[in-house]
Amino acid sequence: MKARRVSANADTAAWDALPGMVLLLEADGNALHINAGFAAFARRAPERLLGRAWQELLDAGSRRELLDRLVQGEDFSLALFVSGSAAGQGAAWVEWKARWNPRRRQWLCLLHDASDAKRSEAEARAQAGLFRLLADNVPVLIAYYRASDFRCQFANKAYARTFGSDERDIVGKTFAEVIGDDAATQIQSRVEQVLRHQQAASYERQLPQLDGSLRYIEVNLLPHVGEHGGTVGCFVLITDITKHRLAERAVRESEERLAKFMQASAEGIVFHKDGFITDANPPLCALIGYTLDELRGRSVLEFIAPDQAARVAAVMHAGQETAYESAVIHKSGRRVPVEFIVRTMVRNDERMRMTIVRDIRDRQAAQARIHHLAHHDALTGLPNRMSFMEQLQTHMAAAQAEGTRLALLFIDLDHFKRVNDSLGHLVGDTLLRTVSARILASLRATDLVARFGGDEFMVLLHGRSSREAHHEDVDEVARKLLAAIEVPVTAEGRPISVTPSIGVAFFPGDASTPDELIKNADSAMYLAKSKGRANHQFFDRGMADSAYAALVLEGQLAHALQRGEFELYFQPQVRVRDGVLVSCEALLRWNHPERGLLMPDQFIPVAERQRLMLAIGQWALSEAARCASRWHAEGLAIAPVAVNLSTVQFQSVGFVEAVAQVLADDGDALRAAGLIELELTERMLMDDLGEVKHRLLRLKAMGLGIAVDDFGTGYSSLGHLKELPIDKIKIDRSFVHDLPDNRDSAAITRAIVQLGLNLGMTVTAEGVETEAQRSFLARQGCEQIQGLLVGAPMPAAAFEAWVRERRAEERGAAAAATSSP
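On a predicted model such as this, the values are computed, not experimentally measured, just so you know.

Of the regular secondary structure elements, the chain holds 30 helices and 32 strands. Considering only contacts in the chain between residues 6 or more positions apart, those separated by 24 or more positions represent 56%. Entry remark: accessible area of the chain is about 41,200 Å², with carbon and sulfur atoms responsible for 52%.

Put into structure tokens, the structure is as follows:
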């Protein structure tokens with residue numbers, strides 16, 4: 001999974017490295033990928049824009065227009081209005097260029113924020129219209145206002161008419177009444193500057209006209225100082241500066257055009273008339289390796305790649321203004337991919353064609369890189385799952401048409417997770433790269449190899465039409481791969497080796513579709529693992545029958561809880577030194593309606609694969625808690641009752657909360673008496689020490705005991721063991737079975753007992769069947785035993801009867817011991 005994330009992160013980095021905003025769309029407009037540029041523009045996380053979510057940024061009209069163009073399946077460019085982009089900054093115009101990939105039926109869309117250009121264009125059009133209206137009349141506006149009340153004493157016709165009055169009616173009106181309250185408020189500080197400080201003030205403002213147009217005016221306020229030095233009034237002189245502002249606007253527009261031209265001149269530009277070159281800029285000359293003198297007067301088509309000449313000639317003849325990709329020929333003969341942007345214009349009083357020639361070698365290299373990343377694994381360079389599936393379909397069709405055979409080898413590295421967990425993912429990546437190189441070196445150039453994900457590889461072999469001969473060839477290749485892969489790899493100064501399990505399925509014969517072929521090869525691979533790993537197996541129909549049986553069992557399991565078909569059996573655990581009953585283990589059984597009583601190993605693997613174990617495990621825990629609580633209330637003194645946990649159950653989200661829910665009814669009594677003990681396997685302790693410890697501490701806080709089942713068969717380290725809040729370790733029956741005669745089993749058992757005692761843990765031996773085994777365990781200091789020597793697993797009612805009889809015997813033995821001298 002980590003390698004897959006590395007691959008996914010590498011793909012995302014390549015997209016995000018592209019300049020500007022990029023979207024990859026399906027034919028119907030669903031977004032497959034959003035790069036960081038577009039996500040930043042939209043101010044949303046990329047994953048929130050996938051599918052159709054990105055379309056919410058478009059207003060209804062733009063959305064319809066874009067979707068209509070997408071349906072046509074032809075490259076296009078257009079400007080769209082985005083109403084929901086850049087939250088808090090209003091709407092935006094986006095220049096949208098889309099390229100259609102008919103083979104993959106996908107759109108590659110390049111976007112450019114054209115809001116500023118659109119706004120500038122709109123403002124320019126509006127203001128140019130106003131300027132044209134104002135240019136027909138350039139009045140001079142003059143007025144005089146009395147200082148005492150700032151009422152108008154004089155105004156010329158231009159001034160009066162400008163403010164909606166005439167030269168007679170305006171007299172006597174206040175300044176605010178003439179120009180309006182808003183305008184008067186805006187210039188109040190300047191008026192005070194004139195009246196109080198007798199200083200001239202000037203300002204500019206826009207003057208709305210009755211027709212809705214605007215005039216640009218420059219206002220000068222001049223103080224009228226009387227004979228005694230006081231301010232008598234204020235002269236108002238207004239000059240229409242609309243022409244000046246129009247001239248300034250024209251200068252700015254001219255500068256913008258010049259800037260755009262200078263920017264364009266960084267790319268090649270060529271002018272031609274009737275197909276013959278009249279001028280070109282230096283970047284164009286540098287691009288194709290000719291001087292300007294060598295270009296002038298020659299036909300444009302001389303420099304076009306032969307396979308592109310017809311299209312270029314057609315565009316020239318039609319006089320189209322367009323943009324399209326083509327290719328030119330460098331003076332050295334080298335082909336240079338370019339994009340032509342063609343316009344018709346008048347230059348020096350002559351109508352001619354201007355073409356911007358854009359070098360797109362870098363763009364095409366980036367596109368090739370994107371295509372490679374989309375179809376190859378970033379770590380190994382092999383084809384990825386998507387690419388392999390596409391090629392597999394093609395190869396199967398060809399094999400069927402030619403009457404040849406294919407063999408699919410599904411390779412899975414055994415225990416690869418241990419390498420990542422113990423040595424780190426960098427070492428794991430090195431191992432994967434080495435394995436992929438060895439697989440390639442072991443095959444023919446015509447064979448297809450892919451990394452399917454994680455530690456899984458696919459090999460597709462082409463063979464002969466004879467099934468027997470092909471079978472022998474594939475068998476030889478599989479053995480060769482087994483030998484090549486298992487050779488140790490040196491990483492960080494140490495040799496590391498992994499073995500492969502290989503499953504083989506044939507076409508035709510084993511499958512008729514790519515998915516079925518992969519599924520059957522996968523089934524054969526798991527058969528190889530079940531036979532000890534490091535081998536290869538061929539698919540046979542018996543596997544499919546087993547899979548069907550498992551599917552039927554899965555369906556029956558789903559209803560078993562509802563039908564009350566599960567039952568707990570209880571096996572006693574006694575103290576070694578005196579045989580006193582101290583606890584028991586709850587063991588799950590299934591009363592199958594057709595097959596009778598089924599043991600856990602007959603249905604638990606199926607339940608765990610389909611996550612049915614969560615509900616089953618929860619039922620077992622609830623039933624065990626109910627029995628423990630009842631027995632405690634009846635004074636049977638059976639504590640604790642041990643319940644086995646499955647890996648799926650223990651690692652599930654909300655497991656601790658689910659246990660707490662079970663204890664909700666009788667929780668206080670169960671905690672106080674320590675009536676429930678949870679048994680985990682060693683493997684459950686390996687994955688994430690911090691998380692495992694956190695869970696166990698929470699369970700301990702509920703008053704539950706913690707035991708490690710089948711101890712000695714897993715891979716837990718002593719460091720893990722001493723860090724975790726474990727109460728008991730149980731010696732696996734595989735060691736007890738050979739006691740006391742087998743020296744290895746005896747040594748291992750002795751070590752486990754001493755380890756548990758030194759760590760302050762109770763040690764229980766499972767599978768004790770003989771008195772010799774019990775005696776050996778007693779001599780080593782083992783505290784508890786469980787097995788047929790004590791008692792077989794029993795249904796609840798039978799177990800209760802057994803306990804009552806056992807307690808009576810214990811009381812009798814105690815009484816006899818007390819009365820004896």
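Back to the write-up after that little detour.
Turning next to the packing of aromatic side chains. Under the defined criterion, the tally for this structure stands at 24 aromatic pairs. Ring geometry for Tyr290 against Phe303: centres 5.1 Å apart, planes inclined by 75°, an arrangement best described as edge-to-face. Note that Tyr290 is positioned in the loop between α10 (282-288) and α11 (292-295) and Phe303 in the loop between α11 and α12 (309-318), a separation of 13 residues in sequence. For Tyr290, a relative accessible area of 16% translates into the label buried. In this structure Phe303 comes out as buried when scored by relative accessible area, which is 6%. Feature note: the residues Phe566, Trp590, Phe603 and Trp619 constitute an aromatic cluster, connected by ring pairs.

In spatial order, the strands read β17-β18-β16-β21-β22; together these five strands make up an open sheet with mixed pairing. Both outer strands of the open sheet, β17 (448-453) and β22 (536-538), are each paired with one neighbouring strand and no more. On average, each strand axis in the sheet is inclined to that of its neighbour by 20°, with strand direction left out of account. Note that strand β16 (residues 405-413) and strand β21 (residues 500-507) share eight bridges and pair antiparallel.

This brings us to helix α25 (residues 689-701). The terminal C-alpha atoms of α25 lie 18 Å apart, and with 13 residues this matches the ideal 18 Å at 1.5 Å per residue to within 8%. Burial in α25 covers these residues: Val692, Arg695, Leu696 and Leu699. Projected down its long axis, α25 carries its buried residues within an arc of 95°, all on one side. Summarising the contacts, the buried residues of α25 are in contact with α22 (647-651), α23 (655-662), β27 (676-681) and β28 (705-711). A positive backbone phi angle near 90° is found at Gly703, which sits one or two residues after α25.

Let us look at empty space enclosed by the protein. One pass over the structure, following the stated rule, counts three cavities of 30 Å³ or more. Computed from the structure, the largest cavity encloses a volume of approximately 230 Å³. Forming the walls of the largest cavity are 19 residues, and the residues nearest its centre are Val270, Val300, Ile304, Phe340 and Val357. Secondary structure elements with two or more residues in the lining of the largest cavity: β11 (268-273), α10, α12, β13 (323-329), β14 (335-347) and β15 (350-359).

Right, let's get into the side chain of Glu565. Within the secondary structure, Glu565 sits in the loop between α19 (541-560) and β23 (566-575). Among buried Asp, Glu, Lys and Arg side chains, Glu565 stands out as unpaired, with Arg563 the closest opposite charge at 4.1 Å. Leaving out residues up to four positions away in the same chain, Glu565 has contacts with Ala560, Arg589, Trp590, Asn591 and Pro593.

Bridging between β11 and strand β12 (residues 276-280) involves four bridges; their strand directions are antiparallel. The residue bridging His272 from the neighbouring strand is Ile277, located in β12. Between β11 and the antiparallel strand that follows it, β12, lie two residues; Asp274 among them carries a positive phi value of about 55°.

Cut-offs and rules
Residues numbered from 1 in each chain as written. Predicted model: local features only at pLDDT ≥ 70, side-chain atom pairs only at ≥ 80, totals over all residues. Heavy atoms only, no water. Helix = DSSP H or I, 4+ residues; strand = E, 2+ residues; numbered from the N terminus. Contact = heavy atoms within 4.5 Å. Areas by Shrake-Rupley, 256 points an atom, 1.4 Å probe, with all protein chains shown as cover. Phe/Tyr/Trp six-rings, centres within 6.5 Å; stacked < 30°, edge-to-face > 60°. Buried < 20%, exposed > 50% of the residue type's maximum accessible area, 1.4 Å probe, protein only. Pairing = 2+ DSSP bridges. Axes fitted to C-alpha atoms, helices over the stretch in contact; angles between N-to-C directions. Expected span 1.5 Å × (residues − 1). Arc of directions from axis to C-beta. 1 Å grid on protein atoms, 1.4 Å probe; cavity = no way out; pocket = protein on both sides within 12 Å on 5 of 7 lines; lining within 4 Å. Points joined across faces, edges and corners; volume = space filled by probe spheres on them. Lys, Arg positive; Asp, Glu negative; His and termini not counted. Salt bridge = Lys/Arg side-chain N within 4 Å of Asp/Glu carboxyl O.

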